[in-house]
Amino acid sequence: MSSDQDGPARPIADATRVVSAGRRPEWTQGIVNPPVWRASTHLYNSVAELRTAGGRDTHHRLFYGRRGGPTQWSLAEALTELEPGAEATFLYPSGVAAIAAALLSVLSPGDELLLVDSAYDPTRSMATGLLKRFGITTRFYDPLVGAGIAELIGDKTRAILMESPGSLTFEVQDVPAIVAAAKARGVTALLDNTWATPLHFRAIEHGVDLSILACTKYIVGHSDVMLGSVTAAPSHWRALREMSLQLGQVASPDDAWLGARGLRTMAVRLAQHQASALKIARWLETRPEVARVLHPALPTCPGHDLFARDFIGASGLFSFVLAGGDDAARIALIDGLDHFGIGFSWGGFESLALPVDPQRYRTATTPRFDGPLVRLQIGLEDPDDLIADLARGLDRFAAARDLSSRP
Ligand SMILES: *Cc1c(COP(=O)(O)O)cnc(C)c1O
């Protein structure tokens, strides 16, 4: 029992929160996990009831399937609970759909978007394709711009979309400085928070207006569902929900159910992803075949000081730069790996290795590397098995590199 002498209540820890969040009794109906409420049509008892329902705010009221039901509301509310200061969350059938709805809820023809140069490539394509077609221009900025963003904000700038760290090159951005510059000019601050998740970076608390997640990654955690979310600050919720409904966005109850199922174990999964990835990143740093490791928790990563200042923790995705060699030598490393799948995406329980060439996408900055890059998603396998696998891979890489560079 608490008493007045106890002082302020201890905040609930994240591991506890992910277990309890969103489980309202009226949505769970007396069982542990909210069931899958599959529905298009909600039935009313009378025409009068139907008419009243239509005239009311339908948030968290059964109305019609496109507006979701308890399964989606439960996951959305859980994600909101993980972002202190947030108003509410809308779910989408993918992370890219979430990004589209968030951007369209704040941008109109004639507006300008500032987009980080290290952004996820489909986000870039959306800006240079869809947004451009509708008269919205985009300016790309250096992820290390910090408070210098103020000089890029013009009369037409309406939104800044950050992604911190970038998911190929891992530069950490000065989110508080960028948010402060945005607020001073009435510009909306959006953040793709997929890498850190709300458990390791509190986006809304840091002043972000719209926090975007590809739930496909760590929320789902099992590489079997596409899902996205946007969590809004109170000032931005109404416009976000309105735009999302107009776009006809709805995440299926089955996918939301799997997302909620993944969320319950996310705190322990993330802790393990973080520990294993750091162990492997530090081991890679000791290897002569590796020129540089790009992991925000290591001092060699651009923006590491900001990571140390602002983040609660890391996750399991990072890159490393090989010491010389060409694409063929990189392929020799990746193709022979036993415990790493070769594929896009990340955040699942299984490890992945991917050749990445971020230089190809950049327009505002030209990062230089001493060799090809490999991105690793560290899964839940024993990290020592992964290290042994990578050691054999680096041997293959060195053999291929040295053979091809022989005169
Ligand atoms: C995967 C990803 C997305 C897109 O999510 P989907 O669910 O695949 O559409 C957005 N941002 C980042 C950083 C991602 O890694």
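Going by the structure above, here's the rest.
The structure contained in this document is the topic of the report that follows.

Concerning the packing of aromatic side chains
Reasoning step 1: Taken as a whole, this structure holds 7 aromatic pairs when the rule is applied.
Reasoning step 2: Taking the centre distance of 5.2 Å and the plane angle of 40 degrees together, the rings of Phe 90 and Tyr 92 count as tilted.
Reasoning step 3: Its relative accessible area of 11% is what places Phe 90 among the buried residues.
Reasoning step 4: Overall, Tyr 92 belongs to the buried group, its relative accessible area being 0%.
Reasoning step 5: Where Tyr 218 meets Trp 346, the ring centres are 5.5 Å apart and the plane angle is 70 degrees; that geometry is what we call edge-to-face. On the criterion of sequence distance, the pair formed by Tyr 218 in the loop between β6 (210-214) and β7 (228-232) and Trp 346 in the loop between β10 (341-342) and β11 (352-356) is long-range, its members being 128 residues apart.

What about helix α9 (residues 234-246)?
Reasoning step 1: What α9 keeps buried is the set His 236, Trp 237, Leu 240, Arg 241, Met 243, Ser 244 and Leu 245.
Reasoning step 2: Residues of α9 that are buried make contact with β1 (88-92), α5 (95-104), β5 (188-192), β6 and β7.
Reasoning step 3: Immediately beyond the C-terminal end of α9, within one or two residues, lies Gly 248, with a positive phi of roughly 75 degrees.

Topic: the packing of helix α4 (residues 70-81) against helix α10 (residues 253-263)
Reasoning step 1: Here α4 crosses α10 at 35 degrees, and the two axes come no closer than 8 Å. In this structure, α4 meets α10 at a crossing whose hand is left-handed. Taking contact as the criterion, the partners of Thr 71, Gln 72, Leu 75, Ala 78 and Leu 79 in α4 are, on α10, Pro 253, Ala 256, Trp 257, Gly 259, Ala 260 and Leu 263.
Reasoning step 2: Grouping the amino acids of the contact of α4 with α10 by side-chain chemistry returns 8 nonpolar, 3 polar and no charged.

Procedures and definitions
Residues numbered from 1 in each chain as written. Predicted model: local features only at pLDDT ≥ 70, side-chain atom pairs only at ≥ 80, totals over all residues. Heavy atoms only, no water. Phe/Tyr/Trp six-rings, centres within 6.5 Å; stacked < 30°, edge-to-face > 60°. Buried < 20%, exposed > 50% of the residue type's maximum accessible area, 1.4 Å probe, protein only. Helix = DSSP H or I, 4+ residues; strand = E, 2+ residues; numbered from the N terminus. Contact = heavy atoms within 4.5 Å. Axes fitted to C-alpha atoms, helices over the stretch in contact; angles between N-to-C directions. Left-handed = near helix turned anticlockwise from the far one by under 90°. Nonpolar A, V, L, I, M, F, W, Y, C, P; charged D, E, K, R; others polar.

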